[in-house]
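# Summary of structural features
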Amino acid sequence: MAFEKLWSLSGRRRSRLIVAIDEANALEDVSSTLSKVEESAAGVKFGFPALLTLGPDRMRSVMQEWKERFYFLADYKVADIPHICGVILEQLKGLGFDGATVHVFQRGIEGLDVFEAPELVAVLAMSHRSPALDEGFEANLAYAKAARISGAVVGASKWRFIESAKRSGLVIFSPGVGAQGSELGSALQKGADFEIVGRSIILSQDVRSAAEKAAEAHRRTLNL
Ligand code: O7E
């Protein structure tokens, strides 16, 4: 089953929360940050800020230490020629990531020749104003399905796209909740499976209770 580890952690915590850790302070003491969201989040998303702050060696050891407790999603929105996409995805898997975001508009993902890659999550519609991606949404969705990708990123405010990706059977990851304006639980209500939340938790005075509040909103929304 796709995203089995994520679903299992999500069930255990009764939460559909993935925390994006992008802020310098939270990354400098990343173990403390992880321990504050441990009870509430099923996953953690690391992008360039984490890689450039921690470096690959520290990132690997952090994920090794916490691998039983979080699903780790790599967010590098990989979009290169198929060979280089494959090289990058193998390296991300080697660092300990369970899943990874990729773009699909460039095509070629169906031809990846990789030994071991993280589970792929296609960026289909972003949370900000992104007309070029939005215009290609249905074609990119059909392509992602044909390329046997199981996950999709769809911005939390783009309800029509959430509903469409849901009908296609993809597991949907929705960012844009909190700091970018969408309400906690609003994307879940439209059919998203997970909400990705960064600043409204990570920059809070009390990270632990902000994360718990998000998980509580998810429990209420979906009756978890
Ligand atoms: O706005 P915040 O602080 O809640 O953070 C949102 C995070 O989701 C941040 O790390 C950003 O890189 C990511 N994100 C979006 O905000 N919008 C998108 O359209 C796509 C992503 C993203 O790819 O997340 C990966 C699943």
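Structure report, in brief.

Thresholds, definitions, all that
- Residues numbered from 1 in each chain as written.
- Predicted model: local features only at pLDDT ≥ 70, side-chain atom pairs only at ≥ 80, totals over all residues.
- Heavy atoms only, no water.
- Helix = DSSP H or I, 4+ residues; strand = E, 2+ residues; numbered from the N terminus.
- Rg over C-alpha atoms; globule rule 2.2 N^0.38 Å.
- Buried < 20%, exposed > 50% of the residue type's maximum accessible area, 1.4 Å probe, protein only.
- Contact = heavy atoms within 4.5 Å.
- Areas by Shrake-Rupley, 256 points an atom, 1.4 Å probe, with all protein chains shown as cover.
- Lys, Arg positive; Asp, Glu negative; His and termini not counted.
- Charge placed at Lys NZ, Arg CZ, Asp CG, Glu CD.
- Arc of directions from axis to C-beta.
- Axes fitted to C-alpha atoms, helices over the stretch in contact; angles between N-to-C directions.
- Parallel < 35°, antiparallel > 145°, perpendicular 65-115°, else oblique.
- Left-handed = near helix turned anticlockwise from the far one by under 90°.
- Core = buried A, V, L, I, M, F, W, Y, C linked by side-chain atoms within 4.5 Å.
- Near = heavy atom within 4 Å.
- Polar contact = N/O pair within 3.5 Å; in protein donor to acceptor, adjacent residues only side chain to side chain.
- Pairing = 2+ DSSP bridges.
- Salt bridge = Lys/Arg side-chain N within 4 Å of Asp/Glu carboxyl O.

Attention now moves to the overall build of the chain. Scanning the chain for helices and strands turns up 11 helices and 8 strands. Against the 2.2 N^0.38 benchmark of 17 Å for 224 residues, the chain shows a C-alpha radius of gyration of 16 Å, consistent with a compact globule. When burial is assessed residue by residue, the chain has 52% of its 224 residues classed as buried. Of all intrachain contacts in the chain linking residues separated by at least 6 positions in sequence, the fraction that spans at least 24 positions is 65%. About 10200 Å² of surface is accessible on the chain, with carbon and sulfur atoms providing 49% of the total. Counting 27 positive and 28 negative side-chain charges, the chain places the averaged centre of each group 4 Å from the other.

Bringing helix 8 (residues 159-167) into the picture now. Of all the positions in helix 8, only Phe-161, Ile-162, Ser-164 and Ala-165 are classed as buried. Buried positions in helix 8, seen along its axis, are confined to an arc of 165° and lie on one side of it. Facing away from the buried side of helix 8 by over 90 degrees, the exposed positions are Arg-160 and Arg-167. Packing partners of the buried residues in helix 8 comprise strand 5 (119-125), helix 6 (131-135), helix 7 (137-146), strand 6 (151-154), strand 7 (171-175) and helix 9 (186-190).

Relative orientation and spacing of two packed helices are given, respectively, by the angle between their axes and the distance between those axes. Running from amino to carboxyl end, helix 7 crosses helix 8 at an angle of 25°, the nearest separation of the two axes being 11 Å. In terms of axis orientation, helix 7 runs roughly parallel to helix 8. Relative to helix 8, helix 7 is oriented so that their crossing is right-handed. On the side of helix 7, the interface is formed by Phe-137, Glu-138 and Leu-141, while helix 8 contributes Phe-161, Ser-164 and Ala-165.

All right, on to the nonpolar core then. With 60 residues, the main nonpolar core has Phe-46, Phe-97 and Ile-201 as its most contacted residues. Per-element accounting of this core gives the leading share, 6 residues, to helix 4 (residues 48-66). If we ignore the near neighbours within four places in the chain, the residues touching Phe-97 are Phe-46, Met-59, Met-63, Phe-72, Leu-73, Ala-74, Tyr-76, Leu-92 and Pro-118. Ranked by size, the runner-up nonpolar core spans 16 residues in total, among them Ala-42, Tyr-71, Val-121 and Val-153.

Turning next to the site of the ligand. Close to the ligand lie 17 residues, the nearest being Asp-22, Lys-45, Ser-127, Gln-180 and Arg-199. One of the side-chain nitrogen or oxygen atoms of Lys-45 is found 2.7 Å away from an oxygen atom of the ligand. One of the backbone N or O atoms of Arg-199 is found 2.7 Å from an oxygen atom in the ligand. Within the complex, the protein chains bury 91% of what would otherwise be the 550 Å² of accessible surface of the ligand. Residue assignment for the shell around the ligand shows that the elements contributing at least two residues are strand 3 (71-78) and strand 8 (194-197).

Another aspect to go through is helix 3 (residues 30-37). Val-30, Thr-33, Leu-34 and Val-37 are the residues of helix 3 that are buried. An end-on view of helix 3 places all buried positions within 95° of arc, on one side of the element. Of the surrounding secondary structure, the elements contacted by the buried residues of helix 3 are strand 1 (17-20), helix 2 (24-28), strand 2 (43-46), helix 4, helix 10 (199-202) and helix 11 (207-222).

Strand order in this closed barrel of 8 strands is 1-2-3-4-5-6-7-8, and the pairing throughout is parallel. Taking the axes of each pair of neighbouring strands and ignoring which way they run, one obtains an average angle of 30° across the sheet.

Here we take up the pattern of salt bridges. If you walk through the whole model with that rule in mind, you get 9 salt bridges. Between Asp-57 and Arg-60 there is a salt bridge, and its shortest N-O distance comes to 3.2 Å. Of this pair, Asp-57 and Arg-60 both sit in helix 4, separated by 3 residues, roughly a single helical turn. For Asp-57, a relative accessible area of 57% translates into the label exposed. The network of salt bridges with shared partners includes Lys-45, Asp-75 and Lys-77.

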